[in-house]
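Structure at a glance
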Amino acid sequence: AKADGKGRARLFEPAMDAHLLVRKAFEADLRAALQRGEISVHYQPLLDTATRSICGYEALMRWQHPTRGWVSPAEFIPVAEDTGLIDALGEWVMRHALQEAAGWPDHFTVAVNLSAVQFRGATLSRMVMSALAAAGISPGRLHLEITESVLLAASEQTLSTLHQLKELGVRIAMDDFGTGYSSLSYLRCFPFDTIKIDQSFVRDLSTGPEALSVVQLIISLGASLGMETTAEGVETEAQYACLQALGCTHMQGYLFGRPKPASELGHVGAGMPQD
Ligand code: C2E
Ligand code: CA
Ligand code: CA
Ligand code: CA
C-alpha cells in the first residue's frame, strides 16, 4: 500500500504496481539465473578478410529463462546494469570465454563485451588478469569490446583501468563505431586496437552512396591510425566483396556464422571446472 498526498494509505495503484511487480520478478529471476545454470555463452566467428578463415570468436551472453525462453541480451543487460548484477555476470562470461578459448587453436582470439558499469570499481583489470591466469591464455588473445558509453563519463578511473588493461597486453576494440555522437573524438583519447563498424552501416551499403562513403572513411581512418577494422553484421556476398575491396581487415556476420554454443564450434573445448 502506498500513502497518497494526504497521508492516507491507498490499497493499490493497479497499473503502476503491475509494472513494478513484473520488473521485480524479472530482476529476481535474473539474480537467480546464474545459480540455476540458465546463463550461457554463445560464440560468433570472426574472420580474417584476406584468407576468409576464422581467426577467433566473440563471446555473447545468453539467458534461457524457464518460462520466457531465450531472453535477448538487449533486454536483460540493461537490467543487469541497473541492479549491479552485471559485475557477477560479466566476470562469469569472462572466465567461461577464456576457459573455452584455451581449447581453440593458439592463434585464435576471443572477444568479450564489457559494460560501462564494470569500469566503476577499481577491480576490473585485476579480475581480467586473474581470469587470464586461470585459463592460461596469453593476454594478446583477449579482445575487450567497449562502447562509447564507457568513455562518455571519461573519468580518470575509466582511463586508468583501460591503460592498465592495455599494459597487460590485452587488446581494446571500440564497438558499434559511428553510432554515438562522439565516436571520432574518442579515438583521440585512447589508442584502440580495433574499430568495429556498426552493422547499421553494413546493412545500408547497397542502399546508396552515403553508407559506402562512411564505411570507406572509417576503414581508411583505422588504417592510418594503425588500427584493425572489423565490419559487423555481414550477411551477403555482395557486402563481403565491397568491404574487402575497401580494405576492411576483419568481418563478422551471419554470412560466416551465427553465435553458437561452444559445443557446436568443432574445437575440443577445455570446458569449465564444475562450479
Ligand atoms: P554487440 O556487441 O554489438 O553484438 C553484436 C550483435 O549482433 C549480437 O546480438 C549478434 O548476435 C548480432 N549479429 C551478429 N551478426 C549478425 C548479422 O549478420 N545480422 C544481424 N542482424 N545481427 C547479427 P546479441 O547476441 O543479441 O547481443 C546484443 C548486444 O548485447 C551486444 O551487441 C552487446 O552489446 C550486448 N551483449 C551481449 N553479450 C554481452 C556480454 O557478455 N556483456 C555485455 N556487457 N554485453 C553483452
Ligand atoms: Ca560486441
Ligand atoms: Ca557491435
Ligand atoms: Ca551493440
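You'll find the structure just up there.
We now turn to the structure provided with this report. (Residues numbered from 1 in each chain as written. Chains lettered and ligands numbered in written order. Predicted model: local features only at pLDDT ≥ 70, side-chain atom pairs only at ≥ 80, totals over all residues. Heavy atoms only, no water.)

1. Let's talk about the packing of aromatic side chains
Tallied over the entire structure, the rule returns 7 aromatic pairs. The rings of Tyr-43, Tyr-57, Trp-104 and Phe-108 are connected pair by pair, giving a single aromatic cluster. Sitting above the plane of the Tyr-240 ring, Arg-52 keeps its charged end 4.4 Å from the centroid. In this structure, Arg-258 packs its charged tip against the face of Tyr-254, placed 3.8 Å from the ring centre. (Phe/Tyr/Trp six-rings, centres within 6.5 Å; stacked < 30°, edge-to-face > 60°. Lys NZ or Arg CZ within 6 Å of the ring centre and 35° of its normal.)

2. Brief notes about the pattern of salt bridges
Considering all chains together, one arrives at 10 salt bridges under this definition. Close ionic contact of Glu-237 with Arg-52 constitutes a salt bridge, the shortest N to O distance being 2.8 Å. On the criterion of sequence distance, the pair formed by Glu-237 in helix α10 (residues 237–246) and Arg-52 in the loop between β3 (39–48) and β4 (53–65) is long-range, its members being 185 residues apart. The exposure class assigned to Glu-237 is partly exposed, which follows from its relative accessible area of 44%. Looking at Arg-52, the relative accessible area reads 35%, which means it is partly exposed. Bridged by salt links that share partners, the residues Arg-23, Lys-24, Glu-27 and Asp-82 form one connected network. (Salt bridge = Lys/Arg side-chain N within 4 Å of Asp/Glu carboxyl O. Helix = DSSP H or I, 4+ residues; strand = E, 2+ residues; numbered from the N terminus. Buried < 20%, exposed > 50% of the residue type's maximum accessible area, 1.4 Å probe, protein only.)

3. Structural notes on the site of ligand 1
As a matter of local geometry, ligand 1 sits amid 21 residues, with Gln-44, Met-61, Arg-62, Glu-235 and Tyr-254 nearest to it. Asn-113 is positioned such that a nitrogen or oxygen atom in its side chain is 3.1 Å from an oxygen atom of ligand 1. The side chain of Gln-199 places a nitrogen or oxygen atom 3.2 Å from an oxygen atom of ligand 1. With the chains in place, 80% of the 800 Å² that ligand 1 exposes on its own is no longer accessible. Elements that contribute at least two residues to the shell around ligand 1 include exactly β4, α2 (73–83) and β8 (171–177). Top contributing element to the shell around ligand 1 by residue count: β4, with 4 residues. Grouping the constituent residues of the shell around ligand 1 by class yields 9 nonpolar, 6 polar and 6 charged. (Near = heavy atom within 4 Å. Polar contact = N/O pair within 3.5 Å; in protein donor to acceptor, adjacent residues only side chain to side chain. Areas by Shrake-Rupley, 256 points an atom, 1.4 Å probe, with all protein chains shown as cover. Nonpolar A, V, L, I, M, F, W, Y, C, P; charged D, E, K, R; others polar.)

4. So, the coordination of the calcium ion (ligand 4)
Ligation of the calcium ion (ligand 4) by protein atoms is provided by Asp-176 (OD) and Asp-176 (OD), these donors lying 2.6 to 3.0 Å from the ion. Between the two metals, the calcium ion (ligand 4) and the calcium ion (ligand 2), the spacing is 5.9 Å. With respect to the helices and strands, the residue Asp-176 is situated in strand β8. (Donors = N, O, S within 2.8 Å, 3.2 Å for Na, K, Ca; no water.)

5. Focus on the coordination of the calcium ion (ligand 2)
Every protein donor of the calcium ion (ligand 2) is listed here as Glu-58 (OE), Asn-113 (OD1), Glu-145 (OE) and Asp-175 (OD), and their distances to the metal cover 2.1 to 2.4 Å. Along the chain, the residues donating to the calcium ion (ligand 2) fall in the pattern E-x54-N-x31-E-x29-D. The distance between the calcium ion (ligand 2) and the calcium ion (ligand 3) comes to 4.2 Å, with Asp-175 serving as a donor to both metals. A residue pair is termed long-range when its members are at least 10 positions apart, and Glu-58 in strand β4 and Asn-113 in strand β6 (residues 109–113) qualify at 55 residues. Using a relative accessible area of 29% as the deciding quantity, one classes Asn-113 as partly exposed.

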